[in-house]
Amino acid sequence: MVFHWFPVIGSTITYGINPIQFFFECREKYGDVFSFVLAGRTVTVTLGAKGNNFVLGGKTSHISAEDVYTNLTTPVFGKGVVYDCPNSTLMEQKKFVKFGLTVENFRYYTHVIADEVEKFLQTHECFKTYRDNANSSDAWGSFPAFQTMSELIIYTASRSLQGEEIRAAVDGSFADIYHDLDGGFKPINLLLPGLPLPMNIKRDKAQKKMSDFYVGIIEKRRAQGEQKEIDMLASLMGQRYRNGRTLSDREIAHIMIALLMAGQHTSSATSSWALVHLAARPDVWQTLYEEQVQNFSNGDGTFREIEYEDLCNLPILDSVIRETLRMHPPIHSILRQVKDDLVVPPTLATSRGGKPKSEDNTYIIPKGHLILASPAVSQLDPDIWKNANIWEPSRWSDPEGVAAQALDQYENGSEKVDYGFGAVSKGTSSPYSPFGAGRHRCIGEQFAYVQLGTVIANLVRKLEIKINCVPPHNYRTMIVVPETPDDISYRRRV
Ligand code: HEM
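Computed from a predicted structure; not experimentally measured.

Undergrad: Explain unusual backbone geometry to me, and be specific about the residues and the numbers.
TA: Backbone torsion omega between threonine 484 and proline 485 reads 0 degrees, so that peptide bond is classified as cis. Relative to the helices and strands, proline 485 is located in the loop between β13 (481–482) and β14 (487–492). Positive phi, close to 55 degrees, is recorded for arginine 352, a residue that is not glycine. The partly exposed category is assigned to arginine 352, whose relative accessible area is 38%. Phi angles above zero are rare outside glycine, and asparagine 387 is one such case at about 45 degrees. Of note, asparagine 387 is situated in the loop between α19 (375–379) and α20 (402–412).

Right, here's the structure in full:
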């Protein structure tokens, strides 16, 4: 147990200020397994590859994600989906979402995302300098990284995955509803649920409005007859559970809200981290630009459009995204609740000098406690990665290097498992797992790559960027974002 002065408060404050530093410091003192008190609950952290495997590869008979997350997510997503249903239903819902992420969809998405980036540069107030200096690269403008990328990500996600109706609404009333709903998506609701806070009251009203909004769109589409749309809504409207039941309009609405929330913060954070690092490394920005010239130049200063298939053959762009996710995985702590007393096996319990008091070198985690994996710790572990705290995309180009091996283990790992949403690499023991692993592994990974890749590629074609220094992490939010000020200066590339 991590030493603390006050019961209930325990290590809440130290963890909250910088969880990664807290984990590394505890690892030095206690080994890979230790427990700490977080707002009155006991959390057992299991670090390293074996620790990640213990949590992410755990069986549903032993541990549960829904028991720990439902208080946070159900009031935001709505009833009947994700963590407000049995795990087997979630697995089916993940399968339905995967059906909506086909190559055909990705081809279409790549085009509309590029179109949104262009529109953004042509309309957003921060890019006035870009517009006013069509033939000159002398004038510099600036934009706050996270705030600006959040806006661009909601435009691109709504136009592609969410559908045209949502995209149109983002410019109007939807923005306010989203704002109130998002305001209730806060870590405090994970541990202290049901507080009558103003943000929760607003959240509940917004959830109802947003759910009604999606149901309205579904009803309108049904009334129109044959569907022409290529988006997630269209795909979900045609799915059935294994028992033959179709999804209700409410369930579809709530899955759509879940996808909106799951993708919005993660992709906004990742794109803003990528840009602040790129702004601090003009050499990488230049290499990225040259990759675009090499692959897409029309020879007259213009570029041809990026196709989905192109995105799979742009190694520099790929390594920029991978390295950003290595250093800044948006989710630093992955939690599960223990359903029945759980034994931590000796190999994990004693790793890195852990000293269980039991004779057989095991720890028992009691029923009701939380367990926590932090892939971020393995991704920043100096014992695994050379210059672990330096953002260096080139580490992904060495086919024999640690990064390539970790990726191979993550993508093609020793075994493929089908948890109900298609075969995935188990990947639970890889030191690189920004999208989680096991049965709760992210299904938005490919979409995120399409979105992030298309956004960054279209920006590098048009802008030069710079920043004084990369901002530190802000851990106060659900998702780890750059601390403000995070302004990036830009000028038009001519
Ligand atoms: C850079 C972007 C993203 C990152 C880093 C990311 C990361 C993650 C992680 C770490 C998990 C595992 C959570 C856990 O085990 O408790 C997860 C699950 C999930 N993500 Fe993502 N995600 C991203 C984008 C997206 C997008 C765009 C979508 C939707 C299109 C999405 C939908 C989901 C869903 C449905 C789950 C499954 C939850 C479960 O099974 O419990 N994610 N994501």
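Further notes follow.
Undergrad: Tell me what's going on with the sheet that holds strand β4 (residues 140–144), and back it up with residues and numbers.
TA: Taken together, the three strands give an open sheet; going across it, the order is β4-β14-β11, and neighbouring strands pair in antiparallel fashion. For this open sheet the edge positions go to β4 and β11 (463–466), each flanked by a neighbour on one side alone. Strand-to-strand, the axes of this sheet are offset by a mean angle of 35 degrees, without reference to chain direction. As paired strands, β11 and β14 are joined by four bridges and run antiparallel to one another. Paired with leucine 463 across the strands is arginine 492, a residue of β14.

Undergrad: Any chance you could break down the pairing of β4 for me, citing the residues and the numbers?
TA: Every second residue of β4 is oriented toward a common face, the buried set being Gly141 and Phe143 and the non-buried set Trp140, Ser142 and Pro144. Of the strand pairs in this sheet, β4 and β14 are connected by five bridges, and their pairing is antiparallel. Counted as the bridge partner of phenylalanine 143 is isoleucine 488 from β14.

Undergrad: Any details on the site of the ligand? Residues and values, ideally.
TA: Around the ligand, the surrounding shell holds 25 residues, and the nearest of these are Tyr83, Lys94, Arg336, His440 and Cys442. Interatomic distance of 3.2 Å between a side-chain N/O atom of tyrosine 69 and an oxygen atom of the ligand. For the shell around the ligand, the secondary structure elements donating two or more residues are α5 (87–99), α14 (249–280), β5 (334–338) and α21 (445–462). By residue number, the principal contributor to the shell around the ligand is α14, which donates six residues.

Undergrad: Tell me about helix α8 (residues 145–162), residues and numbers included.
TA: Taking 1.5 Å as the rise per residue, α8 with 18 residues should run 26 Å; its terminal C-alpha atoms sit 24 Å apart, in good agreement. Most of α8 is tucked away, with 16 of its 18 residues classed as buried. Backbone geometry just after α8 places glycine 163 at a positive phi near 105 degrees.

Undergrad: If you had to explain the packing of aromatic side chains to someone new, which residues and values would you point to?
TA: According to the stated counting rule, one finds 28 aromatic pairs in the structure shown. Aromatic pair tyrosine 108 and tyrosine 109: ring centres 6.3 Å apart, planes at 55 degrees, arrangement tilted. Residue tyrosine 109 is classed as buried on the basis of its relative accessible area of 0%. Of the aromatic side chains, those joined through ring pairs into one cluster are Tyr15, Phe22, Phe23, Tyr30, Phe34 and Phe36. Directly above the ring of tyrosine 289 sits arginine 493, whose terminal nitrogen or CZ lies 3.6 Å from the centroid.

Undergrad: Pulling in residues and values, what's your account of the nonpolar core?
TA: Counting residues in hydrophobic clusters, the biggest one holds 150 residues, and the most contacted among them are Phe23 and Leu278. Of the residues forming this core, the biggest block, 16 residues, is contributed by α14. Those residues in contact with leucine 278 that sit more than four places away from it in its chain are Val284, Trp285, Leu288, Val320, Trp391, Ile456 and Ile465.

Undergrad: Describe the packing of helix α12 (residues 198–224) against α14, and please don't skip the residues or the numbers.
TA: The relative placement of two packed helices is expressed as an angle between their axes plus a distance between the axes. For the pair α12 and α14, the least separation of the axes is 9 Å and the interaxial angle reads 120 degrees. Viewed along their axes, α12 and α14 adopt a mutual orientation that is oblique. For α12 against α14, the interelement crossing comes out right-handed. In contact with Gln207, Met210, Ser211, Asp212, Tyr214, Val215, Ile218, Glu219 and Arg222 of α12, α14 contributes Asp249, Arg250, Ile252, Ala253, His254, Met256, Ile257 and Leu260.

Here is what the cut-offs are and how they apply
Residues numbered from 1 in each chain as written. Predicted model: local features only at pLDDT ≥ 70, side-chain atom pairs only at ≥ 80, totals over all residues. Heavy atoms only, no water. Helix = DSSP H or I, 4+ residues; strand = E, 2+ residues; numbered from the N terminus. Buried < 20%, exposed > 50% of the residue type's maximum accessible area, 1.4 Å probe, protein only. Pairing = 2+ DSSP bridges. Axes fitted to C-alpha atoms, helices over the stretch in contact; angles between N-to-C directions. Near = heavy atom within 4 Å. Polar contact = N/O pair within 3.5 Å; in protein donor to acceptor, adjacent residues only side chain to side chain. Expected span 1.5 Å × (residues − 1). Phe/Tyr/Trp six-rings, centres within 6.5 Å; stacked < 30°, edge-to-face > 60°. Lys NZ or Arg CZ within 6 Å of the ring centre and 35° of its normal. Core = buried A, V, L, I, M, F, W, Y, C linked by side-chain atoms within 4.5 Å. Contact = heavy atoms within 4.5 Å. Parallel < 35°, antiparallel > 145°, perpendicular 65-115°, else oblique. Left-handed = near helix turned anticlockwise from the far one by under 90°.

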